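# An overview of the molecular structure
Listed below are the residues making up each chain.
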Amino acid sequence: MSYSIMEMNLSFCPSHPFAMSTLPSRLRPPLYILATIRMVQPSDSLVDCEIARDTDAGHAQFAAYVTSKTVSHLNDAVQHFQLVLDQCPVSHPDHATALTNLAYARLQGYIRKDLQDIDTTTSLFREALALRPQRHLDHPLSLYNLTEALTWRHNKKSTAADIREAAKLYHELLPLCPEGTYLRSIAAGANGVDYVIVTCNNLPEDASDEGIHLRRVVLELCPLGHQHRPRALYKLSRSLYARFTQCGSIDDLDESIRLGREAVSLLSEGHPDCSGYMNDLALPLVSRFDHQGKPNDLDEAISLYEEVLRMRPVGHKYRDIPLDNLGRALVRRFNRCKDIDDITRAISLYREALTLRPPGHPHRDTTLNNLGLALVTRYDKLHVIEDLNEAIDRYRESLRVRRHDHPERHLNLSNLSASLCSRFTQTRDNEDIEEAINLCRESLAALSSLHPDRWFSYTWLKGAYLARYRILHDPADLSLAIENFRLASRHPTQGFPRRIITAQNWVTAAEQHSHISVLEAYNTCFDLLDAHLATRLSTISRREAATAFSSARSLPVDAASCAIRRDNLRHAVELVEHGRGQQWSLASRLKTPVEDLQSTNPKLAHNYLDLSRRISNAAQSSATIADSAAADRAENRAQETYKAMGSCDLQAAARQGPAIILIASQYSCSAIIVPTSGEPRHVPLPSVTLVDLNNLKELWNEIMLPIVNVLEHVLKLKRGSRIWLCPTAAFTSIPLHAAHPFQTNADRSKEPCLEDIYICSYTPTLSALVRSRQMMKKRVTPSFVTIGQGQPGAGKGKALLSVDSELELVRKLVPATANRTTISGDAATRVGALKALEENTWVHLACHGKQDPTQPYNSHFVMRDEHLTLLDIMEKHIPHAEFAFLSACHTAVGDKETPDEVIHLAAGLQFSGFKSVIGTLWEVDDAVAKHVVKAFYEEFVR
C-alpha cells in the first residue's frame, strides 16, 4: 500500500474533544493542524508503510495528550512525528507537512508548559513556510502557523522582534484570506491579528525608519471602522513627530499632523483618550508654526489646548499639563501678534499651574522657568521692571530645585543669562552682565558639541557680548558677539528656520556696527535659505517657506548694496542674482538642459548627474547619512557644482547688449551696468531713496539720465543698441522704459527719451536671460498660434469684445509662411492652450490675465473652462518656445510679498523657454490693447 501524508484542518469549537485548552482567551489557538493517513493505491513500499505507522502513532499519542494532558503522551507524539520528518527528506513532497505536524505538537506542549523549547518550534514553522512560497495552496496556512508561534514566544519572552514580525506576516496574510472563509475569521479576530495590533501599539516609541515602517503596517491592519484604528493613527503620528524632532523633515511633520487629526476625529466625545490625543496633536502644530510661521497652526493648537483644559477642570489630577502647554502657545502667539491679553493670560495660567506643582513636585522647575519666560516677554513689551525682577527670581528658583544633572538645566542657565543681560541694559550694573556671560559659558560647557541646544547658548552669549559692547564699546566684545552669531547660524543640529533668523540678525548687527563680517553674514543667509527651500518638494511650498521670513525680502538688494559700498561690483551682481532668483533657480535645477552642459563642460555634467542620482536614491529610500562629515562634503560639492554652472551663465548675460541692474535698498539706491565686455560699472543714484521710489516723478533726471550718461560717454554704446533692464524691489513696478525728459530744446525740438536712444527690454534675472537663449538650440520651422478667449465662463470676468477682431488682425498681419493657427471660443480651454504652447514657436494670447497677490503661482490666463495658471505653464515641457505676446492685464506685475522673486506670468513664460515675452504692468483696456497689437505686429513682420 502507498500512503501520502496530508493535513486535516479541524475547526476549533468548545464541543470538540481536542478543544480542551488552558490558554488565555485572547491567545487560544483556534485551529488544530493534524496529520492523518490517506490511502492512495496498492504498493509494496515499506518506507511509506513505516511513515504511515509513525504518523498514526503520532496522531494517537497527540490525541491522548490533548485529552489526558500527560507529558509522556506528548513526548511519544513528538517522537513519532520526528520519525516521520526524518523519513521525509527536503525533496519529499510531504516534507512541509511533516514539519508542520511536528511543529504544531511542540507548540501545544509549549503552550501547556510541558515543553520549554519554542525556538526550535518556530524554526520548524519558518522552514515549512519557506517550502510553501506565494501562490502555494497552503501558503496562507503556513503564514498563520508562524504568526501563532511568534505570538506565543512574545507572550512568554516579551521579545519585541517577534511581535513586529507577526504584524508583518498578518499584513501579508489577510489579503490572502477572502471574507467568509474560516481562516479569515480566526486570523482577523480578537485572538489573531487584534492581539498583535494591541501589542504593537503598546511597544515603546521608535522613530527609526524600521519602527515607523512597523507603525505603517499596523495602521494598514486597521482599516476604516476598525476599533484599533485611532490608536494606530496616534502611534504612527507620534513616531513621525519624534523623527521630525531628530531629523527635521517637514514631510514627517505634515504627516504627523494629518494622522493626529484623523485619530482625534475618530474618538467619540468623552472618550478617555481624547484629551491626550488632542494634547499630542497640538505639539506638532506648534512645531510647524515655529518652522513655517503659519498662524492657523498656532491658533488650532491653542484651541486644542483650551479643549483639553476644559476636559480637565479644577480638581483634575492632570490639569497642570494643559495649563503649562496653553501658556507656552499663548506666549508664542503674543510674540507674533503682540496682543497683550495673550501674554497676561499666559502668566495667569502659569501661576495656576505653579499652585498645582508645589515644592517637591517633579515638574515645578519647568513651570518656574516658563513663568519666568512669560514675565520677560511681557517686560520686553511694557518695560515694567517688576516683571523682569520677578522673572530673574523665578529663574533662580528653578535652578535651585533642578538637579545639576538634569538634561535641560542648561536652558535655565541661558534664560537667566538673557534676563540679566536685559537688566544690564537698563541698570548698567556690571555684575549682571558678568554673571550673564558666565552662565552662558556654563551652559555651553554642559553640552556636547552637537547638542541641539548649543544654539540657544550661542544666541544668548552673543546677545550678552553685544549688550556689553553697546555700553562699553570694547571691540573685543563685538568680535566675540560675531563669533557666536557665526556658531549659532552654522550649528548643524538646529533647524534651518532658527539658523536663518540668526543669520539675519547677524546681518543687522554687522551693518549697524560696520563689521567686516557683513558680507559673510549675507552669504550665510542665502546659503541657509537655499538649503531650507530645497527641502520642500513643490514649487508652491517653497514659496510659502520663503515668505515666512518677511525680513528676508530685502536681503538680495541689501547684500548687493553692501558689496557696492565695499567696491566689489562683481560680488554685488552675484549676490543680487543669487538672492532674487532662488525660487526660479530651484525650479530650473530640475529642468537643467544637461545635454547642453555636457557639450561645454563634461566634468560638471557628470558631477551634476551623479549628485542628482544620489539625491533621488536617498529620497526614494528615505535613507539618512549617518556620517556628518560625508554629508557636509556632499552638500559642498553640490554647491560648488551649482555655482560653477551659474558663473558660466552670468558671463554670457550681456552678450547681446548691456544689462542694467537697478538696486533699491534701504542703505542706498544705485545701478550696476554689466557691459558686453569688461568689468561691471557702478552708477550711484544719491538723490533716490526707497520712499522716493513709491512716489517718483523725476524718473528721467534722477534715475535714467545718470545711467544713459555712463552708457553713452563711458561705455560708448551706440544709439539704437539694445539694453536689458533688470529692476529689483520697488523698481519692478516703475515703467523704466518710458523714462522721458519732457523738455523742449531752443530749436523747439523734443529732447530724446530713453526709447529714442536705446531699444529697451526687461529680464527678471540675468540667469533667466541666459537660460532663455540656451533653451533654443535647434532651428525648427516656425509656427504661430493665436489663443483668444473673449467670452470666459460665468464669474470669470466680463466679456472682451475686441478679442476676436484682435485675433483676426494678428492673423492678417502675420504671414502665412509662419504656419498660422487660431484657437478661440469653446476650443480655448486650459488643456487646449497648454497644448498650443507646447507645439508652437510663437504665441499670441488675448484674454483676461490675473496676478494672484497671495499665491503668485496661481496667477493665470482666463480660459473657457479652467484657469491656465503660471504653475501649469512652468510644469510643461515647451521645447520650441521663442516668442510670446501677452495681450492681457497684469502679466508682468511682481509679487508684493516677495518682489525680488518677480513671480509673474511673463517671467514664468521666460522660465519655460520663451526667449522674448511682451507683458503688461497694469490693467489694459480691451480696445487700447488692439491698437498696441496692430502697431507692434506691423513693425514686427516688416
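On a predicted model such as this, the values are computed, not experimentally measured, just so you know.

Here we take up unusual backbone geometry. If you check the backbone angles, R135 has positive phi at about 80 degrees while not being a glycine. Within the secondary structure, R135 is located in the loop between α4 (119-130) and α5 (139-157). Even without glycine at this site, N819 takes up a positive phi of about 55 degrees. Mapped onto the elements of the fold, N819 is located in the loop between α35 (803-813) and β9 (820-824). Owing to a relative accessible area of 44%, N819 belongs among the partly exposed residues under this scheme.

This brings us to the nonpolar core. In terms of nonpolar packing, the biggest core is built from 202 residues, with I703 and I707 touching the most fellow members. Per-element accounting of this core gives the leading share, 9 residues, to helix α3 (residues 95-111). Counting 30 residues, the second-largest nonpolar core is a separate cluster that includes I787, L868, I873 and A888.

Moving on, we come to the sheet that holds strand β12 (residues 860-861). Taken together, 3 strands build an open sheet; the order of strands is β11-β12-β13 and the sheet is antiparallel. The sheet is open, and its two borders are formed by β11 (849-850) and β13 (868-869), each paired with just one other strand.

Within the secondary structure, N415 is located in helix α18 (residues 409-427). When residues no more than four places from it in sequence are discounted, the contact partners of N415 are N369, Y395 and W460.

On to helix α19 (residues 430-445). Its 16 residues give α19 an end-to-end C-alpha distance of 23 Å, which sits within 8% of 22 Å, the value for a rise of 1.5 Å per residue. Taken as a whole, α19 has its buried residues at D432, I433, A436, I437, L439, C440, S443 and L444. Summarising the axial view, the buried residues of α19 lie within an arc of 160 degrees, below the 170-degree limit, and thus occupy one face. Exposed residues lying more than 90 degrees from the buried face of α19 are E431 and A445.

So, on to the pairing of strand β10 (residues 842-846). Where burial is concerned, most of β10 is hidden: 5 out of the 5 residues are buried. The pairing of strand β8 (residues 784-788) with β10 spans 5 bridges and is classified as parallel. Among the inter-strand pairings, F784 is bridged to a residue of β10, identified as W842. Inspection of the sheet shows β10 paired to strand β14 (residues 883-887) by 5 bridges, in the parallel sense.

Another aspect to go through is the sheet that holds strand β4 (residues 669-674). Spatial ordering of the open sheet is given by β5-β4-β3-β6-β7, a layout of 5 strands whose pairing is mixed. Single-partner strands in this sheet number two, and they are β5 (681-684) and β7 (759-762). Going from strand to strand, the sheet's axes swing by 25 degrees on average, the running direction of each strand aside. Where strand β3 (residues 659-664) lies against β4, 6 bridges are found, and the strand directions are antiparallel. The partner of A664 across the bridge, within β4, is C669. Strands β3, β4, β5 and β6 (722-727) of the sheet are contacted by helix α32 (residues 699-714), whose axis makes an angle of about 145 degrees with β5.

What follows concerns the packing of aromatic side chains. The tally for this structure, following the rule as stated, stands at 13 aromatic pairs. Ring geometry for Y234 versus Y277: centroids 4.2 Å apart, planes at 5 degrees, classification stacked. Taken together, the residues Y234 in helix α10 (residues 229-247) and Y277 in helix α12 (residues 274-292) connect sequence positions 43 residues apart. Exposure class is identical for Y234 and Y277. Each is buried.

Here we take up the packing of α3 against α4. In contact at an axis separation of 8 Å, α3 and α4 are set at 155 degrees when each is read in the N-to-C sense. The angle between α3 and α4 places the two elements in the roughly antiparallel class. Every pair of crossing elements has a handedness; the one defined by α3 and α4 is left-handed. Residues H95, A96, L99, T100, L102, A103, Y104, R106 and L107 of α3 touch α4, and the partners they reach there are T120, T121, L124, F125, E127 and A128. Tallied by class, residues from the contact of α3 with α4 come to 9 nonpolar, 4 polar and 2 charged.

This brings us to the environment of M704. When you line up the elements, M704 lands in helix α32. Among residues more than four places away in sequence, those in contact with M704 are L699, L725, L736, A739 and L754.

Moving on: the confidence of the model for the protein. Low-pLDDT stretches of the model should not have their predicted coordinates read in fine detail. Chain-level pLDDT for the protein is 82 on average; 83% of the residues reach the 70-or-more range. When the criterion is pLDDT under 50, residues 1-47 qualifies, and its contacts beyond four places in sequence or with other chains add up to 134 contacts. For the stretch residues 590-596, pLDDT sits under 50, and the model shows 14 contacts to residues farther than four places along the chain or on other chains.

With respect to the helices and strands, H410 occurs in helix α18. Residue classification places H410 among the buried positions, given a relative accessible area of 4%. Dropping the residues within four chain positions of it, H410 is found in contact with S443, L447, H451 and D453.

Moving on to the pairing of β4. Summarising burial for β4: 6 of the 6 residues are buried, a large majority. Alternating residues of β4 divide into C669, A671 and I673 and S670, I672 and V674, and every residue in both groups is buried. Counted between consecutive antiparallel strands, the loop separating β3 from β4 contains 4 residues. Here β4 pairs with β5 via 4 bridges, running antiparallel. Considered in β5, the bridge of S670 is made with P684. Where β4 hands over to β5, the hairpin turn is made up of 6 residues, of which G678 adopts a positive phi near 90 degrees.

Rules behind the numbers
Per chain, residues are indexed from 1 in the order of the written sequence. Owing to the predicted nature of the model, reporting of local features is limited to residues with pLDDT of at least 70; listing and counting of side-chain atom pairs is limited to 80 or more, with chain, interface and lining totals taken over all residues. As a convention, hydrogens and water are excluded, and side-chain values are obtained from all of the structure's heavy atoms. Note on conventions: DSSP H or I runs of at least 4 residues are helices, E runs of at least 2 residues are strands, and numbering of each starts at the N terminus. Burial classes: relative accessible area under 20% of the type maximum marks a residue as buried, over 50% as exposed, and values in between as partly exposed (1.4 Å probe, protein chains only). Only buried residues count toward a nonpolar core. Its members are Ala, Val, Leu, Ile, Met, Phe, Trp, Tyr and Cys residues joined through side-chain atoms within 4.5 Å. Paired strands, as defined in this entry, are two strands with at least two bridges between them according to DSSP. Should any heavy atoms of two residues lie within 4.5 Å, those residues are considered in contact. Here the expected length of a helix is defined as 1.5 Å per residue gap, with one fewer gap than residues. To be clear, the arc concerns the directions from the helix axis to the C-beta atoms. Here the axes come from fitting lines to C-alpha atoms, over the contacting stretch only for helices, and the angles between their N-to-C directions go from 0 to 180 degrees. Side-chain rings of Phe, Tyr and Trp (the six-membered ring for Trp) are treated as a pair once their centres are within 6.5 Å; stacked means planes under 30 degrees apart, edge-to-face means over 60, and tilted covers the remaining angles. If an angle is under 35 degrees, it is roughly parallel; if it is over 145, roughly antiparallel; if it lies from 65 to 115, roughly perpendicular; otherwise it is oblique. Note: crossing handedness is left-handed where the near helix turns anticlockwise from the far helix by less than a right angle, and right-handed where it turns clockwise. Residue type decides the class: Asp, Glu, Lys and Arg count as charged, Ala, Val, Leu, Ile, Met, Phe, Trp, Tyr, Cys and Pro as nonpolar, and the leftover types, Gly among them, as polar. Per residue, pLDDT measures the predictor's confidence, with a range of 0 to 100.

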